[in-house]
Amino acid sequence: MSREIILINISGEDKPGVMSSITNILGRYDATILDIGQADIHHTLSLGILFKIDSELHSGAILKDILFKCSELGVTVKFTPVSEENYNSWVGRQGKSRYIVTILGKVITARQISLLTKAISDQNLNIDSIKRLTGRPPLDVDNLEDLRSCIEFSVRGTLADKNKLSDEFLRISAHEGIDISFQRDDMYRRNRRLICFDMDSTLIKTEVIDELAERAGVGKQVKAITESAMRGEIDFSESFKQRVALLKGLDESVMVEIAENLPIMDGADKLMSILKKCGVKTAILSGGFTYFGKYLQKRFDVDYVYANELEIENGKLTGRHLGDIVDGKRKAELLRLIAQVEKIDLEQVIAVGDGANDLPMLNLAGLGIAFHAKPKVKANAQQSISTIGLDGILYFLGFRDVHLDSFDEKN
């Protein structure tokens, strides 16, 4: 039996009835649709339909009917014959690995997209589809802080050199001031079930130990040790003991005052609210202090909190801690433990943090995100966000603004 494969491309002003009319004609001739896709940019339609018909006797009639209908609808149509060899080659590529590349920033420029897509092309990956996750940007904006743009690319192919691609994305991100995420497009990406957060400089905008140190009059000494630890220059556990010792004699009431005035990270409220509505388990794994973690647990309804316990005697800090120190290694162990308790695969876990002591859990989780982190941490993490708040994580999970707005409307 003879058969033809034909690709239809339709473009023009988007209006109701185009898809219905074309598929109605194809249906009358018992055509089989092999592939179909549609996009709408500023009321302009781009529709593609690849179909097969088993008798060449009908193809002329089909094309004539479609041509007349498109003329009637005021849209342009183009017909392209596809050979069976070409089609079979295309089908063979469907089994290639799929990846999602997400570009996030205040404003995304043509230059940035050009650099990104060249990096993708250099790895012999092909772009299958492009989606805008954020709403359409206004032409005039009074507050630049309100701006955000996010575009998601679905790409496919055999990745030649993942490390080289990651290095190039890191270079583009640093030079262009944008965030780039690269993830395998599999069932785990669409089904994240646990997210573990660092606390200081991640869920909140400050390092609590620095706040305590300021009240104790040892701010400069403690801050210098903190920054060195976050850069990975000194061992976290040793730095922790040094800093806690400097807090000896501080009144317990200071902790209450700091907790009640914790500066919450931009986007944290929105992110936590949506995660809870989606049934995602949440955890705080912090090298900070349990007292403040418990405060955030109440605010955000967090499921698990693990941090360090300060020893208090007669209402004052002793300069010592209780129990094991929650350092980088311990954070990774706790992440694994929670996942086991909740019967969650590690590939379904997200970890978010900013310091060198977060790297073990960032690299253990299926999706590890360095949030507003130091260069060394960003270079060793899977993904990073530096351009917007914590709710930017939702774009890495594939959420669109239209989804997020629907959550707000239900509140």
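Residues numbered from 1 in each chain as written. Predicted model: local features only at pLDDT ≥ 70, side-chain atom pairs only at ≥ 80, totals over all residues. Heavy atoms only, no water.

Asker: Requested: an account of the confidence of the model for the chain, with residues and values cited.
Answerer: Looking at the chain as a whole, the pLDDT averages 90, with 95% of positions reaching at least 70. Looking across the chain, the model is least confident in helix α16 (residues 401–410), with a mean pLDDT of 68, and most confident in strand β9 (residues 194–197), with 98. (pLDDT = per-residue confidence, 0-100. Helix = DSSP H or I, 4+ residues; strand = E, 2+ residues; numbered from the N terminus.)

Asker: For helix α8 (residues 236–245), give the residues involved together with the corresponding values.
Answerer: Regarding α8, the residues found buried are Phe236, Ser237, Ser239, Phe240, Arg243 and Val244. One face of α8 carries all of its buried residues, which in axial projection span an arc of 160 degrees. The backbone nitrogen of Ser237 lies 3.1 Å from a side-chain oxygen of the residue at the head of α8, namely Asp235. (Buried < 20%, exposed > 50% of the residue type's maximum accessible area, 1.4 Å probe, protein only. Arc of directions from axis to C-beta. Polar contact = N/O pair within 3.5 Å; in protein donor to acceptor, adjacent residues only side chain to side chain.)

Asker: Pulling in residues and values, what's your account of the pattern of salt bridges?
Answerer: Here the structure, examined in full by the defined rule, presents 25 salt bridges. Measuring nitrogen to oxygen at the nearest pair gives 2.9 Å for the salt bridge that ties Lys205 to Asp266. You can see Lys205 sitting in the loop between β9 and α6 (208–216) and its partner Asp266 sitting in the loop between α9 (253–259) and α10 (268–277), a full 61 residues away along the chain. When its relative accessible area of 44% is taken as the criterion, Lys205 is described as partly exposed. One salt-bridge network, in which partners are shared between bridges, spans Arg98, Asp128 and Arg156. (Salt bridge = Lys/Arg side-chain N within 4 Å of Asp/Glu carboxyl O.)

Asker: Can you tell me about the packing of helix α4 (residues 110–122) against helix α5 (residues 162–176), naming the residues and giving the values?
Answerer: With their axes 10 Å apart at the nearest point, α4 and α5 run at an angle of 170 degrees to one another. Comparing the axis directions of α4 and α5 gives the class roughly antiparallel. Residue-level inspection shows Arg111, Gln112, Leu115, Leu116, Ala119 and Ile120 of α4 in contact with α5, the latter providing Leu165, Glu168, Phe169, Ile172, His175 and Glu176. Of the residues assigned to the contact of α4 with α5, the class counts are seven nonpolar, two polar and three charged. (Axes fitted to C-alpha atoms, helices over the stretch in contact; angles between N-to-C directions. Parallel < 35°, antiparallel > 145°, perpendicular 65-115°, else oblique. Contact = heavy atoms within 4.5 Å. Nonpolar A, V, L, I, M, F, W, Y, C, P; charged D, E, K, R; others polar.)

Asker: So, the sheet that holds strand β8 (residues 179–184): which residues are in play, and what are the values?
Answerer: Read from one edge to the other, the open sheet built from four strands follows the order β6-β7-β5-β8, with strand pairing classed as antiparallel. Edge positions in the sheet fall to β6 (126–132) and β8, since each of these pairs with one other strand and no more. Each adjacent strand pair in this sheet contributes to an overall mean axis angle of 20 degrees, direction not counted. Its contacts with the sheet put α4 on β5 (98–105), β6, β7 (149–156) and β8, and the angle it makes with β7 is roughly 20 degrees. Packed on one face of the sheet, α5 meets β5 and β8 and runs near 160 degrees to β8. (Pairing = 2+ DSSP bridges.)

Asker: Give me the lowdown on the layout of surface pockets, citing residues and values where you can.
Answerer: Of the pockets and cavities examined, the largest pocket occupies roughly 1,600 Å³. Lining of the largest pocket is provided by 48 residues; of these, Gln38, Ala39, Asp128, Ser129 and Ile130 occupy positions nearest its centre. The residue makeup of the lining of the largest pocket, split by class, is 20 nonpolar, 15 polar and 13 charged. As a volume, the second largest pocket reaches approximately 580 Å³. Elements with a contribution of two residues or more to the lining of the second largest pocket: α5, β8, α14 (375–380) and β15 (383–385). Among the residues forming the lining of the second largest pocket, the class breakdown is ten nonpolar, eight polar and eight charged. (1 Å grid on protein atoms, 1.4 Å probe; cavity = no way out; pocket = protein on both sides within 12 Å on 5 of 7 lines; lining within 4 Å. Points joined across faces, edges and corners; volume = space filled by probe spheres on them.)

Asker: How would you explain the state of the cysteines if you had to name every residue and give the values?
Answerer: Applying the stated criterion across every chain yields a total of zero disulfides. No disulfide involves Cys196; its nearest neighbouring cysteine sulfur is the one of Cys278, lying 17 Å away. Cys150 provides the cysteine sulfur closest to Cys278, a residue in no disulfide bond, and the two sulfurs are 17 Å apart. (Disulfide = S-S within 2.5 Å.)

Asker: So what's going on with the packing of aromatic side chains? Residues and values would help.
Answerer: Here the structure, examined in full by the defined rule, presents five aromatic pairs. Seen in terms of ring centroids, Phe240 and Phe289 are 5.9 Å apart; in terms of plane orientation they differ by 45 degrees. Their pairing is tilted. Highlighted residues: Phe240 in helix α8 and Phe289 in strand β10 (residues 281–289), separated in sequence by 49 residues. For the pair formed by Phe240 and Phe289, the shared burial category is buried. Three or more aromatic residues joined by ring pairs form one cluster here, namely Tyr99, Phe169 and Phe182. (Phe/Tyr/Trp six-rings, centres within 6.5 Å; stacked < 30°, edge-to-face > 60°.)

Asker: Break down the sheet that holds strand β4 (residues 76–81) for me, with residues and values.
Answerer: In any sheet, the strands associate via hydrogen bonds between backbone groups, in a parallel or an antiparallel arrangement. Strand order in the open sheet formed by four strands is β2-β3-β1-β4, with antiparallel pairing between adjacent strands. The open sheet has two edge strands with one neighbour each: β2 (32–41) and β4. Sheet twist, expressed as the mean angle between neighbouring strand axes with direction ignored, is 15 degrees. Sheet analysis places strand β1 (residues 4–13) next to strand β3 (residues 44–53), joined by ten bridges and oriented antiparallel. Across the sheet, the residue bridging to Ile10 is Leu47, located in β3. Where helix α1 (residues 18–28) meets the sheet, its contacts fall on β1, β2 and β3, and the angle it forms with β3 comes to roughly 10 degrees.

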